[in-house]
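Residue-level structure breakdown
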Amino acid sequence: MNPILKIQGLKKNYEKKEAVKGIDLEIREGELFSLLGPNGAGKTTTLKMLVGLLKPTSGEIRIGGFDIVRNPIEAKKIISFVPDVPYIYDKLTPWEFLRFIGKLYAIEPKTSNDRAAELLKFFEMWSYRDVLIEEFSHGMKQKIILSGALLPEPKVFILDEPMVGLDPVSIHSFKEMMKRKAKEGMTIIFSTHTLAWAEELADRIGIIHQGRLISLGTLSQLQQQFQSRENLEEMFMSLVAKENESV
Ligand code: ATP
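Nothing here was measured: the structure is a model prediction, and the numbers come from that model. (Residues numbered from 1 in each chain as written. Predicted model: local features only at pLDDT ≥ 70, side-chain atom pairs only at ≥ 80, totals over all residues. Heavy atoms only, no water.)

A word on empty space enclosed by the protein
If you walk through the whole model with that rule in mind, you get 1 cavity of 30 Å³ or more. Size it by volume and the largest cavity reaches roughly 40 Å³. Forming the boundary of the largest cavity are L5, I7, L25, I27, F33, L35, T46, L47, L50 and I189. Mapped onto the lining of the largest cavity, the elements with two or more residues apiece are β1 (3-14), β2 (17-28), β3 (32-36) and α1 (43-50). When residues of the lining of the largest cavity are assigned to their parent elements, the largest contribution, 3 residues, is made by α1. The class makeup of the residues in the lining of the largest cavity is 9 nonpolar, 1 polar and no charged. (1 Å grid on protein atoms, 1.4 Å probe; cavity = no way out; pocket = protein on both sides within 12 Å on 5 of 7 lines; lining within 4 Å. Points joined across faces, edges and corners; volume = space filled by probe spheres on them. Helix = DSSP H or I, 4+ residues; strand = E, 2+ residues; numbered from the N terminus. Nonpolar A, V, L, I, M, F, W, Y, C, P; charged D, E, K, R; others polar.)

Following this line, the structure appears as structure tokens:
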């Protein structure tokens, strides 16, 4: 396997707090990977280091062969990130926002417009393309953020709790899109508290607890590890309870 993402000895301290305590992980091209963990486990900190928004205290992250700290521009060209609390320009319309993203990534205008139209139609936001984003609900804004992140057709798509605020129909279509994109070769890494999505979507699942990756594998490997046919929720509950006992 030639991993598109390679993490070695990744650590992050916020002053005295050790938020991430040494993570090693390899993710292959076209893999759908889900990062799970209780509140405060270190998921957001890890994802922000992967995309170059936070500098690791130590360790190395290589994306598509590029070190995110030493070659941030090269690495960032192939990544899109949807943070848990995204920022969006309220005074733009979706169409203006997507044109702005297209220019930022130097995408040829016709290609950029075609992709923007396709994404807005996919997210059922086409009829709102000329309305100011400040007038949108949380879920509508999230659809525009997802569209903006997909417009450059990233090789590696990283999402922190991506489906919060989406209605059930949009969640269904977005899940189908994630499966299709991964089949086409996009690597997708997402954190979630909705274990059913990880169970349904992920090729592999990583469970992080108090800054450490305490479990990693496919759903059936996790079931073997637990010697059970339990669903992910039950395994997650017993794993976290066991870890809490040992602290
Ligand atoms: P959640 O599921 O609640 O979003 P998470 O797994 O994403 O949690 P992180 O946000 O990565 O967790 O936080 C990991 C730890 O680091 C927590 O103990 C948190 O309090 C701490 N932390 C996060 N950001 C900072 C910061 N800017 N300064 C100090 N400590 C922080």
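This is not the end of the story, as more comes after the structure.
What about the packing of aromatic side chains?
If you walk through the whole model with that rule in mind, you get 7 aromatic pairs. Measuring from centroid to centroid gives 5.6 Å for Y89 and F100, while their planes differ by 85°, and the two rings are edge-to-face. With Y89 in the loop between β6 (79-82) and α3 (94-104) and F100 in helix α3, this residue pair connects regions lying 11 residues apart in the sequence. In this structure an aromatic cluster arises from ring pairing among Y87, Y89, F97 and F100. Cation over ring: K121 sits above W126, and NZ or CZ is 4.7 Å from the ring centre. The residue whose ring lies beneath R129 is W126, and the NZ or CZ to ring-centre distance is 3.9 Å. (Phe/Tyr/Trp six-rings, centres within 6.5 Å; stacked < 30°, edge-to-face > 60°. Lys NZ or Arg CZ within 6 Å of the ring centre and 35° of its normal.)

Focus on the pattern of salt bridges
In the structure shown here, the tally under the stated rule is 16 salt bridges. With a closest N to O distance of 3.9 Å, K143 and D167 form a salt bridge. Taken as a pair, K143 in helix α5 (residues 138-150) and D167 in the loop between β7 (156-160) and α6 (168-183) lie far apart in primary sequence, 24 residues in all. Taking relative accessible area as the criterion, K143 reaches 9% and is therefore assigned buried. (Salt bridge = Lys/Arg side-chain N within 4 Å of Asp/Glu carboxyl O. Buried < 20%, exposed > 50% of the residue type's maximum accessible area, 1.4 Å probe, protein only.)

Some remarks on the layout of surface pockets
Roughly 720 Å³ of volume is contained in the largest pocket. Taken together, 22 residues line the largest pocket, and the ones lying closest to its centre are S80, F81, I101, L104 and Y105. Put simply, the parts of the chain that give the lining of the largest pocket at least two residues each are α2 (72-77), β6, α3 and α5. Tallied by class, the residues present in the lining of the largest pocket amount to 18 nonpolar, 2 polar and 2 charged. Reported here for the second largest pocket is a volume of approximately 160 Å³.

Concerning the pairing of β6
What you see with β6 is no split at all: I79 and F81 on one side and S80 and V82 on the other are buried throughout. Relative to β7, β6 runs parallel, the two being bridged by 4 bridges. For F81, the partnering residue across the bridge sits in β7 and is I158. (Pairing = 2+ DSSP bridges.)

Here we look at the site of the ligand
Neighbouring residues of the ligand: Y14, K17, A19, P38, N39, G40, A41, G42, K43, T44, T45 and H193. Between the ligand and K17, the relevant distance is 3.4 Å, taken from an oxygen atom to a side-chain nitrogen or oxygen of the residue. Separating an oxygen atom of the ligand from a side-chain N or O atom of N39 is a distance of 2.9 Å. Against a free-state accessible area of 640 Å², the protein chains account for coverage of 60% of the ligand. Within the residue set of the shell around the ligand, elements represented by two or more residues are β2 and α1. The biggest single contributor to the shell around the ligand is α1, with 3 residues. Considering only residue class, the shell around the ligand consists of 4 nonpolar, 6 polar and 2 charged. (Near = heavy atom within 4 Å. Polar contact = N/O pair within 3.5 Å; in protein donor to acceptor, adjacent residues only side chain to side chain. Areas by Shrake-Rupley, 256 points an atom, 1.4 Å probe, with all protein chains shown as cover.)

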